[in-house]
Amino acid sequence: MSRCTLCPRACGVDRDVSLGACRATSRLTLSRAALHDGEEPCLSPKGKSGAVFFSGCALGCVFCQNDAISGADPFGIEVGEERFCEILLDLQKQGAENVDLVTGDHFILQIAAALRRVRPQLSVPVIFNCSGYETVEQLRLLDGLVDIYLPDFKFASESLAARLSRAADYPRVAAAALSEMHRQVGDCVFDGEGKLLSGLLIRHLVLPNHADDSLAVLDILDALFPDKESVRLSLMRQFTPMPSCREDDLRRPLTTLEYRRVTARAEELGFLGYVQEKSSVGADAIPAFDGTGVR
Ligand code: SF4
């Protein structure tokens, strides 16, 4: 990684010398690895996702709900490949219904190497849970190693993506990324009890004051996936205004009316998937990023 161009940011930095937009060195760094009950029911029907949170993030949205690990000085503990494999197997031993790799785009080389080694010992699906801001070349490093892609599709508007994530190219990059993910894992396959075994589950967090952009996201997804049986869509309402976010339009929670506009349109278009209860909204849904399961 002497000139890192791994993700769409293409910073070109030597990660052993200075930090790029993801704030990550070349050494794999984790902030938490533990059972987690916040995922969609089809991913973990018993509420036991084996969530591994990486440190740093290449996208760095100003409204990030996990800014303790994605901000300017992200918390994390360095681990080698052997320890990382042990952590994944240990989660499986604890009863995890999957291995859920959360925002690891900037460590994709290390993740691919570890998965090649440990995957034969994993009997649960491997989930790559990401921002949707990945290049096709980057994702090809995971071809054959991941069962479920769980990407966001955050914005349809380039100007909104530029203001909130410094990534005007987000809509174009994410559309290509989701197509590549679907090419790799194919249409959704469930077991007899409704657990997702493989496929693409797309998340979209509806932002306050931006329901119109959410409707435009649905139009993009509608064009990308005309066969609505092929993927699943999760519309999230858990936006929590973060104290570090200075954008005036993001200082309040989402209203029920805004959320309903988006869910109604998704239903009209024929998407299958998930909507979120209001009761699941709030900062207490954010786990503690304290090295649990990593040390
Ligand atoms: S992975 Fe990090 S350093 Fe590399 S291009 Fe992306 S943001 Fe820059």
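Right, let's walk through the structure included here. What you are looking at is a predicted structure, and each value in this text was computed from that prediction instead of being measured.

**Considering the packing of aromatic side chains**
- Applying the stated criterion to the full structure yields nine aromatic pairs.
- Consider the rings of Phe-63 and Phe-239, whose centres lie 6.3 Å apart with planes at 55 degrees: the pair is tilted. One end of the pair, Phe-63, is in the loop between strand E2 (49-54) and helix H1 (67-70); the other, Phe-239, is in the loop between strand E9 (232-236) and helix H8 (256-269), with 176 residues separating them in the sequence. In terms of burial, Phe-63 and Phe-239 fall into one category: buried.
- Aromatic side chains Phe-153 and Tyr-170 sit 6.0 Å apart centroid to centroid with 85 degrees between the ring planes, which places their arrangement in the edge-to-face category. Placement of the pair is Phe-153 in the loop between strand E6 (148-151) and helix H5 (158-165) and Tyr-170 in helix H6 (residues 170-185), with a sequence separation of 17 residues.
- By relative accessible area, Phe-153 is classed as buried at 0%.
- Ring-pair connections join several aromatic residues into one group, and the members of that group are Phe-63, Tyr-133, Phe-153, Phe-155, Tyr-170 and Phe-239.
- Its end group placed over the ring of Phe-271, Lys-228 keeps NZ or CZ at 5.0 Å from the ring centre.

**Re the pairing of strand E1 (residues 29-36)**
- E1 sits mainly inside the fold: seven of its eight residues count as buried.
- Taken together, the two bridges between E1 and strand E3 (residues 77-78) define a ladder with antiparallel strand orientation. Across the sheet, residue Thr-29 finds its bridge partner in E3, namely Glu-78.
- In this structure, E1 lies alongside E2, joined through six bridges in antiparallel fashion. Residue pairing across strands places Leu-35 opposite Gly-50, the latter belonging to E2.

**Details of the site of the ligand**
- Around the ligand, the neighbouring residues are Cys-4, Leu-6, Cys-7, Arg-9, Ala-10, Cys-11, Val-13, Arg-15, Gly-20, Ala-21, Cys-22 and His-106.
- Judged by the fraction of its atoms near the pocket grid, the ligand is located in the largest cavity.
- Among the residues making up the shell around the ligand, the classes are represented as eight nonpolar, two polar and two charged.

**What to know about helix H2 (residues 81-93)**
- The end-to-end C-alpha separation of H2 is 18 Å, in line with the 18 Å expected for 13 residues at 1.5 Å each.
- The set of residues buried in H2 consists of Phe-84, Cys-85, Ile-87, Leu-88, Leu-91 and Gln-92. In an axial view of H2, the angular spread of the buried residues amounts to 155 degrees, which keeps them on one side of the axis. Along H2, exposed side chains directed more than 90 degrees from the buried face belong to Glu-82 and Lys-93.
- Close packing links the buried residues of H2 with E1, E2, strand E4 (99-102) and helix H3 (108-118).
- Two residues or fewer past H2, Gly-95 is found with a positive phi of approximately 105 degrees.

**Regarding the environment of Ala-68**
- Mapped onto the elements of the fold, Ala-68 is located in helix H1.
- Residue Ala-68 is classed as partly exposed on the basis of its relative accessible area, which comes to 44%.
- Taking the C-alpha atoms as reference points, Ala-68 and Ser-31, 37 residues apart in sequence, are found 9.4 Å from one another.
- Apart from the residues lying within four places of it in its own chain, the contact partners of Ala-68 are Asp-73, Pro-74, Phe-75 and Phe-289.

Parameters and conventions
Residues numbered from 1 in each chain as written. Predicted model: local features only at pLDDT ≥ 70, side-chain atom pairs only at ≥ 80, totals over all residues. Heavy atoms only, no water. Phe/Tyr/Trp six-rings, centres within 6.5 Å; stacked < 30°, edge-to-face > 60°. Helix = DSSP H or I, 4+ residues; strand = E, 2+ residues; numbered from the N terminus. Buried < 20%, exposed > 50% of the residue type's maximum accessible area, 1.4 Å probe, protein only. Lys NZ or Arg CZ within 6 Å of the ring centre and 35° of its normal. Pairing = 2+ DSSP bridges. Near = heavy atom within 4 Å. 1 Å grid on protein atoms, 1.4 Å probe; cavity = no way out; pocket = protein on both sides within 12 Å on 5 of 7 lines; lining within 4 Å. Sits in = over half its atoms within 2 Å of the grid points. Nonpolar A, V, L, I, M, F, W, Y, C, P; charged D, E, K, R; others polar. Expected span 1.5 Å × (residues − 1). Arc of directions from axis to C-beta. Contact = heavy atoms within 4.5 Å.

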